Amino acid sequence: MTKYVVVSGGVISGIGKGVIASSTGTLLKSLGLRVTAIKIDPYLNIDAGLMSPLDHGEVFVLNDGGEVDLDLGNYERFLDVELSRINNITTGKIYREVIEKERKGDYLGKTVQVVPHVTDAIQNWVERVVDLPIDGEKPDVCIIELGGTVGDIESAPFVEAMRQFQFRVGHENFCLIHVSLVPVVGSVGEQKTKPTQMSVRDLRGAGLTPDLIACRSSKILDPSVASKISMFCHVAPEQVLAVHDVSSVYHVPILMREHGVIDFFRRRLDLDSIKVSDASRSAGEELWKRWMALAGSYEHLHETVTIALIGKYTNLHDSYISVYKALEHAALGCGRKLQIKWIEATDLENETLKVDPIKFHESWQNLCSADGIIVPGGFGGRGIEGMIMAAKWARENKIPYLGICLGMQIAVIEFARHVCGMADAESAEFNPDTPTPVVVYMPEISKTHMGGTMRLGLRPTVFQENSENSRVRKLYGNKASIDERHRHRYEINPELATQIEEKGLKFVGKDETGQRMEIVELDDHPYFVGCQYHPEYLTRPLNPCPLFRGLILASIGGLDAAL
């Protein structure tokens, strides 16, 4: 029987439920158990695909093309698993399923209601996820993160579904971690327990009892505060888990383990009853050794590498969380501590010089002082000229540059304008009537529906003939082809590819048809690379992305030696 660990949140959203859920999974995986994860998002959207990054953070893309919440990226990175769109449940998906069944007559004329029909649909969905194999077999443990905050109107059906689900699977197979905020207020920094007390009261009123209360605080939880939470929330002292701010998320599983979480799960979920092979147990022990080494290395790094990130959504860093993590993983792998200069692309443009010259010069100072430059994906025309100027600076001054999706298109537009003599080179995305469309709309993509209609998911990229000396190909271990995740509507115009290549910007990787440009690399430059796919979606703490590793190595002057 699969064990279920539900992670709920109280007081406010955004206090780290995703990191607690991922860390719990990492601890259980270190025991040799097979772990899967589900993220429940109570919003009415079918998926996260059409949400603004500034409103909801990054849209994460899975192998099957599912556009999902960024927490699934956390799960994949921490647990080193590959999930699918079914692992993300939204209110929109549930209601669509229920309404479709009602229209087909599956409810036999009954009055369709939230209870039992919607709550049953939620529970059935969870069980369908658990039926999907992990490492070839049914998972031993399923982590379920309940998005939002207990007490929200939109999350009520999911809370009720979990209340029912605990009886469907049995007490010994269901465990609940409630993550709550312990704010620090006043000049003396007093930790307040009342918000947590109220949050747990709401949770109990909904029929759920916390097995662990994870108390998030900016500083170490005072023992008297933990004792007070234990007393007023009706849990034993060992069920109060203090999770204070730490230097990196890689320390959270270690912090939880030191608090005895694994021993608690052993007793509460009878984990010893699960048969674990010697090979799986050894793999789990090796995972934990490597994780401890990773967290320890983070503390002892002194040399730094500075990367300028030129983006459209830099006011919310979660918009680029996978890019940040990929850079961090690559930097750690190269023995450097990462420093990022977050630069809003519009701040590099001449218009900013007129309205805010200080911000303009600060942005250019940050760009010019960086060891390397990255331009990640994005949509729309805002900030494009600033990105093009950044790419021009990187190309002319031999600064390592990595362009992802839009960033690759930016690199090609810049090269076409300033090297190929196409002064009016532009993307059809920003100027549909441009006379020189270097970037064009892909013919197979719908122009009437936006949701889920992009070129999405895991797709092959084939390295071209005579690319054996390509730095990118060497970074990928000289493979003939690679599989990476995509998310785009526009592509490099294949009719102009030959003209661009003749000037030195080579398309060393293309799709399986040979018509779609996937990887671009500049001759006679330390590292000027663009890719149409999103390599950041496959980064792992213990296995960095090759292209990000290449950027970091080039930025510290070690790429040629590493190749």
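See above for the structure.
Residues numbered from 1 in each chain as written. Predicted model: local features only at pLDDT ≥ 70, side-chain atom pairs only at ≥ 80, totals over all residues. Heavy atoms only, no water.

A.B. asks: Looking at this structure, how should I read the packing of helix H1 (residues 17-29) against helix H11 (residues 278-299)?
C.D. replies: For any two helices packed against each other, one specifies the inter-axial angle together with the distance between the axes. H11 packs onto H1 with a crossing angle of 130° between their chain directions and a minimal axis gap of 8 Å. It follows from the interaxial angle that H1 and H11 lie oblique. Here Thr-26, Leu-27 and Lys-29 of H1 come into contact with H11, specifically with Gly-284, Leu-287, Trp-288 and Trp-291. Partitioning the contact of H1 with H11 into residue classes produces four nonpolar, two polar and one charged. (Axes fitted to C-alpha atoms, helices over the stretch in contact; angles between N-to-C directions. Helix = DSSP H or I, 4+ residues; strand = E, 2+ residues; numbered from the N terminus. Parallel < 35°, antiparallel > 145°, perpendicular 65-115°, else oblique. Contact = heavy atoms within 4.5 Å. Nonpolar A, V, L, I, M, F, W, Y, C, P; charged D, E, K, R; others polar.)

A.B. asks: Looking at this structure, how should I read the pairing of strand S6 (residues 141-146)?
C.D. replies: Within S6, six of the six residues are buried, which leaves the element mostly enclosed by the surrounding structure. Burial along S6 is two-sided: Val-141, Ile-143 and Glu-145 facing one way and Cys-142, Ile-144 and Leu-146 facing the other are all buried. As paired strands, strand S1 (residues 3-9) and S6 are joined by five bridges and run parallel to one another. Within the sheet, the bridge partner assigned to Val-5 lies in S6 and is Ile-143. (Buried < 20%, exposed > 50% of the residue type's maximum accessible area, 1.4 Å probe, protein only. Pairing = 2+ DSSP bridges.)

A.B. asks: I would appreciate a short explanation of the state of the cysteines in the present structure.
C.D. replies: A covalent bond between the sulfur atoms of two cysteines is referred to as a disulfide. A full pass over the atoms with the stated rule returns zero disulfides. Here Cys-215 is not disulfide-linked; the sulfur of Cys-233 is the nearest cysteine sulfur, at 7.6 Å. Its relative accessible area of 1% is what places Cys-215 among the buried residues. (Disulfide = S-S within 2.5 Å.)

A.B. asks: Explanation requested: the nonpolar core in the structure shown.
C.D. replies: Side chains of nonpolar character tend, in soluble globular proteins, to be buried together. Ranked by size, the top nonpolar core spans 53 residues in total, and within it Leu-28, Ile-143, Ile-177 and Phe-265 carry the most contacts. Residues within four places of Leu-28 in sequence aside, it is in contact with Val-5, Leu-33, Val-35, Val-141, Ile-143, Phe-265 and Leu-271. Judged by nonpolar contacts, the second largest core, of 44 residues, contains Ala-391, Ala-425, Val-520 and Phe-528. (Core = buried A, V, L, I, M, F, W, Y, C linked by side-chain atoms within 4.5 Å.)

A.B. asks: What's the story with the sheet that holds strand S15 (residues 401-404) in this structure? I'm lost.
C.D. replies: Remark on secondary structure: sheet strands pair via backbone hydrogen bonds, oriented parallel or antiparallel. Pairing is mixed across the open sheet formed by nine strands, whose spatial order is S13-S12-S14-S15-S23-S22-S21-S18-S19. Looking at the sheet topology across the chains shown, the edges are occupied by strand S13 (337-344) and strand S19 (481-488). The average angle at which neighbouring strand axes cross in this sheet is 25°, direction not considered. The pairing of strand S18 (residues 455-463) with strand S21 (residues 505-510) spans two bridges and is antiparallel. Note that in S21 the partner of Phe-463 across the bridge is Gly-509.

A.B. asks: Looking at this structure, how should I read the side chain of Arg-487?
C.D. replies: Relative to the helices and strands, Arg-487 resides in strand S19. Non-local contacts of Arg-487, meaning those with residues more than four positions away in its chain, are made with Gly-49, Val-59, Val-61, Glu-67, Phe-379, Cys-405, Met-454, Arg-455, Leu-456, His-534 and Tyr-537.

A.B. asks: Just checking my understanding: could you explain H11 for this structure?
C.D. replies: Because each turn of an α-helix spans 3.6 residues, side chains separated by three or four positions end up pointing in the same direction. For H11, built from 22 residues, the straight-helix expectation of 32 Å at 1.5 Å per residue is met to within 8% by its first-to-last C-alpha distance of 32 Å. Those residues of H11 not exposed but buried are Gly-284, Leu-287, Trp-288, Trp-291, Leu-294, Ala-295 and Tyr-298. Angularly, the buried residues of H11 cover 125° about the axis, an arc narrow enough to put them on a single face. H11 presents Asp-278, Ala-279 and Lys-289 as exposed residues on the side facing more than 90 degrees away from its buried surface. Those residues of H11 that are buried are in contact with H1, helix H3 (71-79), helix H9 (252-258), helix H12 (321-333) and S13. (Expected span 1.5 Å × (residues − 1). Arc of directions from axis to C-beta.)

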